[in-house]
There are 2 protein chains.
Amino acid sequence: MKIDLIPGGVTAAKGFKAACCAAGIKYKDRTDMAMLLSERPCAVAGTFTTNVVKAAPVLWDRRIVKEVKAAQAVVVNAGIANAATGQTGMEMCAKTADFAGKALGIPADYVLLGSTGVIGPNLPIDRITAGVAAMAGTLSDTPEAGTAASRAIMTTDTVNKECAVCFELPAADGAGTVKVTLGGMSKGSGMIHPNMCTMLGYVTTDCAVDPDVLQQALGEVVPDTFNMISVDGDTSTNDTLLVLANGLAGNAPVAAGSEGYALLREALFTVCRDLAIKMAGDGEGATRLVEMRVTGADTRENARRLARSVVSSSLVKAMIFGKDANCGRVLCALGYAGVEFDPAAVELWLLGEREDLCFYKDGCVQTFDEDLALAILSEKQIRFCCDMHMGGEEATAWGCDLTYDYVKINGDYRT
Amino acid sequence: MKIDLIPGGVTAAKGFKAACCAAGIKYKDRTDMAMLLSERPCAVAGTFTTNVVKAAPVLWDRRIVKEVKAAQAVVVNAGIANAATGQTGMEMCAKTADFAGKALGIPADYVLLGSTGVIGPNLPIDRITAGVAAMAGTLSDTPEAGTAASRAIMTTDTVNKECAVCFELPAADGAGTVKVTLGGMSKGSGMIHPNMCTMLGYVTTDCAVDPDVLQQALGEVVPDTFNMISVDGDTSTNDTLLVLANGLAGNAPVAAGSEGYALLREALFTVCRDLAIKMAGDGEGATRLVEMRVTGADTRENARRLARSVVSSSLVKAMIFGKDANCGRVLCALGYAGVEFDPAAVELWLLGEREDLCFYKDGCVQTFDEDLALAILSEKQIRFCCDMHMGGEEATAWGCDLTYDYVKINGDYRT
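Keep in mind that what you see is a predicted model, and the values were worked out from it rather than measured.

Visitor: How do you make sense of a negative patch on the surface when you look at a structure like this?
Guide: On the surface, Glu355, Asp356, Asp369 and Asp371 of chain A cluster together to form a negatively charged patch. For aspartate 369 of chain A, the location among the structural elements is in the loop between β13 (364–365) and α10 (370–377).

Below, the structure written as structure tokens:
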């Protein structure tokens, strides 16, 4: 399918503007709030943390996605998570959305909210509303405005994360095709673990599509993208992924099951996977991205479980940091993934840029060239591959190494 | 129930001898093999790793526990795990047991085996048999011999782990009571995670008890002891816990459901919990033991899940290392434990030696005295407690902090 990667992020699609500001919520000398606005109401889809403890903005957004099914703006802050804040936290959400709605001339119910940072403290509502007022006056549809917004929502992230694609869909008026654009940004570095929609992610598109169809596409894309990364095994209270579609591309509305649906889903998959991999590679303290591809599994879900188990293993992660080819740990992590298999049938490979290395087959860890293993483990991206020899399903998961800096960052996060 | 803690370990009970030697399997200048021998055949019970990839000695022991249901000796080596070694690994087991059986004058089927260390390499069988021959000539029933054996099986452990208790049971001849002794040793520091029988543990007793009754008691004790600790979330390929009972105490054989059974189970619980807590506190790189007690849960299994989730959280572990009272992370870890609950009903406490601190209730992280929090987080043992307000069940889990040294130890474990 023809999906073209293009520069840009949340302002790539027609009719979307972004802004940011330094509201002084927790960080000094940097931006810490971002705003997105569509020039007209959008179909909206979203997926949220599976944590029983859900932050106030997660509860707020979930209601909008489920009941309102439309939105026009997003307001995000970094520094404080507005989680474990009880009724006060919900009131903060209502006040922020109300204030933003008035500033932007839209209903409060059209304002989605996102927060990331320390669990517990209340949001300083005066600074939040001052930030909203400042941003409402500086919204811009330039690529630079999108990039600045993606920087403003960072916490322990070391790089901002953006991605955009475009593709063609039949025009609404039946005269040929129109260009549709889909772009996004995300943030996330710690408290990241499979089985949810990880961290904050915002995707905007000018595609014309019904919210239910958009939600279906998102549901099909997330299991193999955001749910296939892990940094530290901790599922956050704030994870949120939202997609806003304003229809300005002028395409005929995408119908479920159509060729256009497959294209939209592929575009969404491309952007979500890109943003997810960027988060995994920028895991707290990480020096390297780790990829685990499982092939030959009996079911897709088992392939996912096996792949996730390996990238989540503290021992595998520490071994990659140390460039120590203690590869039996990869087999061990497959073994406790909760999937039955025959250890004697499995083959395990370490994939290098120039040469690959088989380190386990026929039930035995193989004797291998330690110099070659060290050379491969010194590459920027570490790629493992295994063939379960059980069937035809496959999946890939992404993670990062476990380093001294992860411990340092999380030993004194608040200070 | 009257269970007395006494000094000693695997040689505390009547009729058990131990030995160790420096076989040169991997480590230099230290002992690395241990042997236990009972003067007569024992009833045996065991529980093993749930990892699909099981080391050769696990498969060997499991057959003896399930089919032979008796044993008289144990041979353990540290340095190489004999895991992912295929058919060769099983042949090494058969050769070792055969050699040990001949050296000790017992059937090879009465010899249990244990290995711990690097996954992959084959055991150097000549050194193993030389070690067995040396140990067979130096067996002793002194406390010192038991202690030396508990040191010989260590890998990254920094302290050896022993525990013993005694209690009274009705005599076999009906004339009053006899003293029954039960003692054990364990090793384990990394690749330790709930949902299995963790690492290597050996318990000996002179109690007269049928193997099926012994297995039942072990099955009742393990879920709240060895299965309630976590160091790093990695379930090993080699986890083994064995109990040998030779009957030399002269008690009337313990019947299931009797008062004597309750006493035996309590004694086994006491020793297993002590050994498990010692492993958690000696986790790789750890500076502090962490205890999480969950009360007021609706079911025991949910209480266990919630408690384990907290001690397994990388973010909670790093926060304890950094003495940073970022306590929302404890709530977050309860939230992704896989148990439904009402966050507003939960109360969370940090327990200090002199004063306790409530850091979460009524749905909100509380404002607390940071100096008091720092003082409590500076104690040698960190204790969290939560009341779920859902019912009357409780459970406790143990873990340790996540430190730079964990990363260092596991970044170059093989070298």
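Visitor: What is the right way to read the relation of the copies chain A and chain B from this model?
Guide: Between chain A and chain B, the superposition needs a rotation of 180° and an axial shift of 0.0 Å, giving an RMSD of 0.0 Å. Such a turn and shift between the copies fits a two-fold axis. Taking the C-alpha atom as reference, chain A places tyrosine 404 of chain A closest to the rotation axis, 2.6 Å from it. An overlap of 100% is found between the interface residues of chain A and their copies at the interface of chain B, pointing to a shared contact surface.

Visitor: How should I be thinking about the pattern of salt bridges in this particular structure?
Guide: One side chain can pair with another of opposite charge once the charged atoms of both are near each other. Under the defined criterion, the tally for this structure stands at 29 salt bridges over all chains. Here arginine 304 of chain A ties to glutamate 301 of chain A by a salt bridge, and the two come within 3.1 Å at their closest N and O atoms. You can see arginine 304 of chain A and its partner glutamate 301 of chain A sitting in helix α7 (residues 300–312), 3 residues apart, about one turn around the helix. A salt bridge links glutamate 301 of chain B to arginine 308 of chain B; its shortest N-O distance comes to 3.5 Å. Taken together, the shared-partner salt bridges in this structure form one network comprising Asp224, Arg300, Glu301, Arg304, Arg308 and Glu393 of chain A.

Visitor: So what exactly am I meant to see when it comes to the interface of chain A and chain B here?
Guide: Many structure descriptions define interface size as the accessible area lost when the parts assemble. Taken together, the contacts link 54 residues of chain A with 54 residues of chain B. Buried area between chain A and chain B, summed over both chains or domains, comes out near 4,300 Å², and the portion from carbon and sulfur atoms is 60%. Our count for the contact surface shared by chain A and chain B stands at 0 salt bridges. Inspection of the chain A/chain B interface yields 6 residue pairs in polar contact (both at pLDDT 80 or more). Tallied by class, the residues present in the side of chain A that touches chain B amount to 26 nonpolar, 19 polar and 9 charged.

Visitor: Would you take a moment to explain the pairing of strand β8 (residues 200–205) of chain A for this structure?
Guide: Within a regular strand, side chains alternate between the sheet's two faces. Residues and elements named next belong to chain A. Within β8, 6 of the 6 residues are buried, which leaves the element mostly enclosed by the surrounding structure. What you see with β8 is no split at all: Leu200, Tyr202 and Thr204 on one side and Gly201, Val203 and Thr205 on the other are buried throughout. Direction of pairing for strand β7 (residues 177–187) relative to β8: antiparallel, over a ladder of 6 bridges. Among the inter-strand pairings, lysine 187 is bridged to a residue of β8, identified as leucine 200. With 6 bridges connecting them, β8 and strand β9 (residues 240–245) associate as parallel partners. Within β9, the residue paired with leucine 200 across the bridge is threonine 240.

Visitor: How should the sheet that holds strand β15 (residues 393–400) of chain A be read in this particular structure?
Guide: Two strands in a sheet stick together by hydrogen bonds in their backbones, pointing the same way (parallel) or opposite ways (antiparallel). Residues and elements named next belong to chain A. Taken together, 6 strands build an open sheet; the order of strands is β13-β12-β11-β14-β10-β15 and the sheet is mixed. In the strand order of this sheet, the two ends are held by β13 and β15, each with one partner. Note that strand β10 (residues 289–297) and β15 share 7 bridges and pair antiparallel. In the sheet register, alanine 297 faces β15, and the bridge partner there is glutamate 393. The strands that helix α6 (residues 259–281) touches are β10 and β15; relative to β15, the one it contacts most, it runs at about 40°. Against the sheet, helix α9 (residues 328–335) engages β10, β11 (347–351), β12 (356–361), β13 and β14 (381–387), with an angle of about 130° to β11.

About the cut-offs
Residues numbered from 1 in each chain as written. Chains lettered and ligands numbered in written order. Predicted model: local features only at pLDDT ≥ 70, side-chain atom pairs only at ≥ 80, totals over all residues. Heavy atoms only, no water. Patch = residues over 30% accessible without salt bridge, like charges linked within 9 Å, V, L, I, M, F, W, Y side chains within 5 Å. Areas by Shrake-Rupley, 256 points an atom, 1.4 Å probe, with all protein chains shown as cover. Salt bridge = Lys/Arg side-chain N within 4 Å of Asp/Glu carboxyl O. Lys, Arg positive; Asp, Glu negative; His and termini not counted. Charge placed at Lys NZ, Arg CZ, Asp CG, Glu CD. Helix = DSSP H or I, 4+ residues; strand = E, 2+ residues; numbered from the N terminus. Least-squares fit on C-alpha atoms with pLDDT ≥ 70 in both. Contact = heavy atoms within 4.5 Å. Buried area = accessible area lost by both parts, 1.4 Å probe. Polar contact = N/O pair within 3.5 Å; in protein donor to acceptor, adjacent residues only side chain to side chain. Nonpolar A, V, L, I, M, F, W, Y, C, P; charged D, E, K, R; others polar. Buried < 20%, exposed > 50% of the residue type's maximum accessible area, 1.4 Å probe, protein only. Pairing = 2+ DSSP bridges. Axes fitted to C-alpha atoms, helices over the stretch in contact; angles between N-to-C directions.

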